[in-house]
Amino acid sequence: MTNPVIEGFEYRRLPGVDGIELNAAVGGSGEPVVLLHGFPQTHLMWRHVAHLLAADHTVVVPDLRGYGESDAPPESGPGTYSKRTMGADVVAAMAALGHERFAVIGHDRGALVGVRAALDHPENVTHLGILDVLPTLDTWGVLHGVDAKVAWHLYLMAQPNDLPERMIAAVAPDFFGSFLDAWDPAGATFPPEVRTHYIESSTRTVPSIVADFRATAGIDLDMDRADRTAGRTLTMPVAVISQDWGSHLGFDALALWRQWADEATYQPIDAGHFMAEERPEEVAKFTRELLGRRPS
């Protein structure tokens, strides 16, 4: 199995919660920012952005629990891969590095972890940046009719324990490779060794990846509903950068995000889903502009 690394970064095993450890790359110096990856990827998706930010920030880039080289505990219940648990992992790992307050930038699955970490730990998260996703509650709300086929994998991995794991494991390289191909319009975002790394890593961790997605159709959704009912919102500066999914699926992304953060900003980007690798300079600029906003 290939394990490419972020050159010039130090690799650490950092404590999460419940006795697990996260694999993380750490580099740079200055105000801390943690970068959380999406699906079907690992921390490596941030390699270009991490180098750009490390000029004036301490940059921490972990594999989420269940992904890459981080621990992947068996799913013992809905909380094992809830975003609350995964967000607590991030807070614990940053504390182990001596960072009680830090910014979070998340892509896709990592952004959902970031949202939950920011809702549960507002005293720790100073800024929240979101790449190409909606909150869990709103994701399910905007998927209607045949247009929802773009998210077919969400429904597959929401099914009861063991069925999707067995189905995906039977064709895992093709399954994970299909997303890398379909969501990369340029067709040139991933060097061969990086594409191979993503597919091999995901194939090795099918059960935990499915558990992560299954939580999004269950316990994570329940948490978002509870927060919406209680009127809980994000209190730190929030910025979103995304493809224009709203024009295709019929929603207003900024309006949805402002239900969670009154002063959230939104900007579209002319790039595919894997924008941190396709357009790292734009994503780094987006991040710097967010970090320049004064936290509450």
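Look up: the structure comes first, before these words.
Our subject in this report is the structure included herewith. (Residues numbered from 1 in each chain as written. Predicted model: local features only at pLDDT ≥ 70, side-chain atom pairs only at ≥ 80, totals over all residues. Heavy atoms only, no water.)

## Thoughts on the overall build of the protein
Stage number 1. From N to C terminus, the protein includes 14 helices and eight strands.
Stage number 2. Computed over C-alpha atoms, the radius of gyration of the protein comes to 17 Å, within 12% of the 19 Å expected from 2.2 N^0.38 for 296 residues, which places it in the range of a compact globule.
Stage number 3. Along the longest, intermediate and shortest principal axes, the C-alpha atoms of the protein span 45 × 40 × 40 Å.
Stage number 4. Long-range pairs, those at least 24 residues apart, make up 76% of the contacts in the protein between residues at least 6 apart in sequence.
Stage number 5. On the protein, roughly 11,700 Å² of surface is accessible, and the fraction owed to carbon and sulfur atoms is 54%.
Stage number 6. In the protein, 23 side chains carry a positive charge and 40 a negative one; their mean positions are 3 Å apart. (Helix = DSSP H or I, 4+ residues; strand = E, 2+ residues; numbered from the N terminus. Rg over C-alpha atoms; globule rule 2.2 N^0.38 Å. Contact = heavy atoms within 4.5 Å. Areas by Shrake-Rupley, 256 points an atom, 1.4 Å probe, with all protein chains shown as cover. Lys, Arg positive; Asp, Glu negative; His and termini not counted. Charge placed at Lys NZ, Arg CZ, Asp CG, Glu CD.)

## Some points on the side chain of serine 242
Stage number 1. Relative to the elements of secondary structure, serine 242 occurs in strand β7 (residues 238–242).
Stage number 2. Taking the relative accessible area as the measure of exposure, serine 242 reaches 6% and is therefore buried.
Stage number 3. The residues contacting serine 242, other than those within four sequence positions of it, are Asp132, Tyr266, Gln267, Pro268, Ile269 and Met275. (Buried < 20%, exposed > 50% of the residue type's maximum accessible area, 1.4 Å probe, protein only.)

## Structural notes on helix α7 (residues 172–182)
Stage number 1. Three or more residues of α7 are buried, namely Ala172, Phe175, Phe176, Gly177, Phe179 and Leu180.
Stage number 2. At its buried positions, α7 is contacted by α5 (152–157), α6 (163–170), α8 (192–204) and α9 (206–216).

## A closer look at the pattern of salt bridges
Stage number 1. Scanning the model with the defined rule gives 22 salt bridges in all.
Stage number 2. Across the pair aspartate 227 and arginine 116 runs a salt bridge, and its minimum N-O distance is 2.8 Å. Of this pair, aspartate 227 sits in helix α10 (residues 219–230) while arginine 116 is found in helix α3 (residues 109–120), placing the two residues 111 residues apart along the sequence.
Stage number 3. Residue aspartate 227 is classed as buried on the basis of its relative accessible area, which comes to 4%.
Stage number 4. Taking the relative accessible area as the measure of exposure, arginine 116 reaches 3% and is therefore buried. (Salt bridge = Lys/Arg side-chain N within 4 Å of Asp/Glu carboxyl O.)

## A word on the sheet that holds strand β1 (residues 10–15)
Stage number 1. If you walk across this open sheet you meet the eight strands as β1-β2-β4-β3-β5-β6-β7-β8, and the pairing is mixed. Edge positions in the sheet fall to β1 and β8 (265–268), since each of these pairs with one other strand and no more. For this sheet, the mean inter-axis angle between neighbouring strands, taken without regard to orientation, is 20°.
Stage number 2. Pairing of β1 with strand β2 (residues 21–28) involves six bridges; the strand directions are antiparallel. From the neighbouring strand, arginine 12 faces β2, where its bridge partner is alanine 24.
Stage number 3. Where helix α2 (residues 83–96) meets the sheet, its contacts fall on β1, β2, β3 (31–36), β4 (57–62) and β5 (102–107), and the angle it forms with β1 comes to roughly 120°.
Stage number 4. In the packing of α3 onto the sheet, contacts are made with β3, β5 and β6 (125–131), and the angle to β6 comes to roughly 150°. (Pairing = 2+ DSSP bridges. Axes fitted to C-alpha atoms, helices over the stretch in contact; angles between N-to-C directions.)

## Some words on the side chain of threonine 85
Stage number 1. Counting through the fold element by element, threonine 85 comes out in helix α2.
Stage number 2. Here threonine 85 falls in the buried class, since its relative accessible area comes to 13%.
Stage number 3. Apart from the residues within four sequence positions on either side, threonine 85 is in contact with Val17, Asp18, Arg65, Gly79 and Thr80.

## Digging into the packing of aromatic side chains
Stage number 1. Per the stated rule, a full pass over the model turns up 13 aromatic pairs.
Stage number 2. Here tryptophan 152 and phenylalanine 175 contribute two aromatic rings whose centre-to-centre distance is 5.8 Å and whose plane-to-plane angle is 85°, an arrangement assigned as edge-to-face. Taken together, the positions of tryptophan 152 in helix α5 and phenylalanine 175 in helix α7 put the pair 23 residues apart, joining distant regions of the chain.
Stage number 3. Judged by its relative accessible area of 42%, tryptophan 152 is partly exposed. (Phe/Tyr/Trp six-rings, centres within 6.5 Å; stacked < 30°, edge-to-face > 60°.)

## Some thoughts on the packing of α2 against α3
Stage number 1. The interhelical angle for the contact between α2 and α3, taken along N-to-C directions, is 80°, at an axis separation of 8 Å. As the angle between them shows, α2 and α3 are arranged roughly perpendicular. Residues Lys83, Arg84, Met86, Gly87 and Val90 of α2 touch α3, and the partners they reach there are Arg109, Leu112, Val113, Arg116, Ala117 and Asp120.
Stage number 2. Its residues assigned to classes, the contact of α2 with α3 shows five nonpolar, one polar and five charged. (Parallel < 35°, antiparallel > 145°, perpendicular 65-115°, else oblique. Nonpolar A, V, L, I, M, F, W, Y, C, P; charged D, E, K, R; others polar.)

## Quick notes on unusual backbone geometry
Stage number 1. Of note, the amide linkage connecting phenylalanine 39 to proline 40 takes the cis form, showing an omega dihedral of -5°.
Stage number 2. Take proline 40: it is sitting in the loop between β3 and α1 (47–53).
Stage number 3. The backbone of aspartate 132 sits at a positive phi, close to 60°, despite the residue not being glycine.
Stage number 4. Relative to the helices and strands, aspartate 132 resides in the loop between β6 and α4 (136–142).
Stage number 5. Positive phi, normally seen in glycine, also occurs at aspartate 162, with a value near 95°.
Stage number 6. Position of aspartate 162 relative to the elements: it lies in the loop between α5 and α6.

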